[in-house]
Amino acid sequence: MGESTSGLEWISAAEFHRAPGVSDWRVTGTGPQTVFTATSLSHAADLTAPIVAAAERFGILPDIDVRPEGVVVRIPYRDPEGIPAAAADFAAAVSQAAAELLLTADPSLAQLIGIYVAQHSQSDVRPFFAAALGYEAFGDTDAVDPMRCGPQLAFNPITGDSPARGRTHFDVFVPADQARARVDAALAAGGRLADDSHAPDWWSLASPDNHGVDIASWTDTYD
């Protein structure tokens, strides 16, 4: 992780989780996030002002999704380097404000859906998908919704496949402590375990008609 003259600039998921006051949070594919359940839309909206105040205090640019059921708060990667060091202090402040407002943290609801587009090694389909979806390039292999509402896309090559044929599957990033239960639920619903050689970082599943889904938890634990 990078450093600045004032100390750490970027931290890993493991470093984030070691910080005090962040037990409500989990790191998914695009950064730390949490979910606070609420009793009404107005109850959920009460947390907005404290989030904005904490964001200004710690220099964080969060995404806030307010629903009648609760509030989703994300600290998105705005740079492929990783999690800003100030994210931990911001997260702790938000959790404290949520507790004071009697909002209930439920980090088991945190997740990110990504779409993995596998392409022939001599192809580059990212410009097509970016144009069709109104996305922007992110890093060397990904594309993102500029408003971060839609799923992130990742593009990686298949070697030895036909140049005219690609393959797509879903990546589901969940908290590390929820991954096995999500895998078991998908298998109980008729799925098939295609590959568990990378578990517990991720499991590759197939639907009854052979669509692919990876349940991934590595982003919540990397150091």
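Going by the structure above, here's the rest.
None of these values were measured; they are calculated from a predicted model.

### Focus: helix α4 (residues 87-100)
Here α4 contains 14 residues, and its C-alpha end-to-end distance of 20 Å stays within 8% of the 20 Å for a straight helix at 1.5 Å per residue. Listed as buried for α4 are Ala87, Ala88, Phe90, Ala91, Val94, Ser95, Ala97 and Ala98. Buried residues along α4 sit against α1 (13-18), β5 (31-37), α3 (48-58), β7 (70-74) and β8 (83-84). Phi turns positive one or two residues past the end of α4, at Leu102, with a value near 65°.

### Brief notes about the nonpolar core
The biggest cluster of nonpolar side chains holds 31 residues, and the ones touching the most others in it are Phe16, Trp25, Leu47, Ile83, Phe90 and Val94. Of all the secondary structure elements, the ones that give two or more residues to this core are α1, α3, β7 and α4. Aside from chain neighbours lying at most four places away, what touches Ile83 is Glu9, Trp10, Ile11, Ser12, Ala13, Phe16, Val27, Pro32, Tyr77 and Tyr222.

### Focus on the packing of aromatic side chains
The final tally for this structure, using the stated rule, is 5 aromatic pairs. Between the aromatic rings of Trp25 and Phe90, the centroid separation amounts to 6.3 Å while the plane-to-plane angle is 65°, which identifies the pairing as edge-to-face. Placement of the pair is Trp25 in the loop between α1 and β4 (26-28) and Phe90 in helix α4, with a sequence separation of 65 residues. Phe90 shares its class with Trp25; the two are buried. Their ring planes at 50° and their centres at 6.4 Å tell us that Trp218 and Tyr222 sit as a pair that is tilted. Overall, the relative accessible area of 18% leaves Tyr222 in the buried class. In this structure an aromatic cluster arises from ring pairing among Phe128, Phe129 and Phe155.

### Thoughts on the environment of Ala45
Positionally, Ala45 belongs in helix α2 (residues 41-45). Since its relative accessible area comes to 35%, Ala45 is described here as partly exposed. A C-alpha to C-alpha distance of 11 Å links Ala45 and Leu103, two positions 58 residues apart in sequence.

### Quick notes on the side chain of Asp63
Along the polypeptide, Asp63 turns up in strand β6 (residues 63-67). Looking at Asp63, its side chain comes within polar contact range of the side chain of Arg148, at 2.7 Å. Filtering out sequence-adjacent residues up to four positions away, Asp63 remains in contact with Val72, Val73, Arg74, Pro76, Arg78 and Arg148.

### Thoughts on unusual backbone geometry
Cis geometry is adopted by the peptide bond preceding Pro200, which originates at Ala199 and carries an omega value of 5°. Note that Pro200 resides in the loop between β15 (192-195) and β16 (202-206). The phi angle at Arg148 is positive, at roughly 60°, despite the residue not being glycine. Here Arg148 shows up in the loop between β12 (142-144) and β13 (152-158). We classify Arg148 as partly exposed; its relative accessible area is 32%. Of note in this structure, Asn210 is not a glycine but carries a positive phi near 80°.

### Thoughts on the side chain of Asp142
Relative to the helices and strands, Asp142 is located in strand β12. It turns out Asp142 is buried and unbridged, and the closest side chain with the opposite charge, Arg126, is 6.2 Å from it. Contacts of Asp142, omitting those with residues within four sequence positions, involve Arg126, Glu136, Ala137, Gln152, Leu153, Ala154 and Phe155.

### A short note on the environment of Ala206
Its place among the elements puts Ala206 in strand β16. In sequence terms Ala206 and Leu47 are 159 residues apart; their C-alpha atoms lie 39 Å from each other. Filtering out sequence-adjacent residues up to four positions away, Ala206 remains in contact with Gly191, Arg192 and His211.

### Comments concerning the pattern of salt bridges
It is possible for side chains bearing opposite charge to pair when their charged atoms get close. According to the stated counting rule, one finds 5 salt bridges in the structure shown. A salt bridge links Asp223 to Arg18, with the nearest nitrogen and oxygen atoms 3.6 Å apart. Here the residue Asp223 occupies a position in the segment after β17 (212-216), and Arg18 occupies one in helix α1, the gap between them amounting to 205 residues. Note on accessibility: Asp223 and Arg18 belong to one class, exposed. Among the ionic pairs, Arg148 bridges to Asp63, the shortest N-O distance being 2.7 Å. Residue Arg148 is found in the loop between β12 and β13, and its partner Asp63 is found in strand β6; the two are separated by 85 residues along the sequence. Judged by its relative accessible area of 15%, Asp63 is buried.

Rules used throughout
Residues numbered from 1 in each chain as written. Predicted model: local features only at pLDDT ≥ 70, side-chain atom pairs only at ≥ 80, totals over all residues. Heavy atoms only, no water. Helix = DSSP H or I, 4+ residues; strand = E, 2+ residues; numbered from the N terminus. Expected span 1.5 Å × (residues − 1). Buried < 20%, exposed > 50% of the residue type's maximum accessible area, 1.4 Å probe, protein only. Contact = heavy atoms within 4.5 Å. Core = buried A, V, L, I, M, F, W, Y, C linked by side-chain atoms within 4.5 Å. Phe/Tyr/Trp six-rings, centres within 6.5 Å; stacked < 30°, edge-to-face > 60°. Polar contact = N/O pair within 3.5 Å; in protein donor to acceptor, adjacent residues only side chain to side chain. Lys, Arg positive; Asp, Glu negative; His and termini not counted. Salt bridge = Lys/Arg side-chain N within 4 Å of Asp/Glu carboxyl O.

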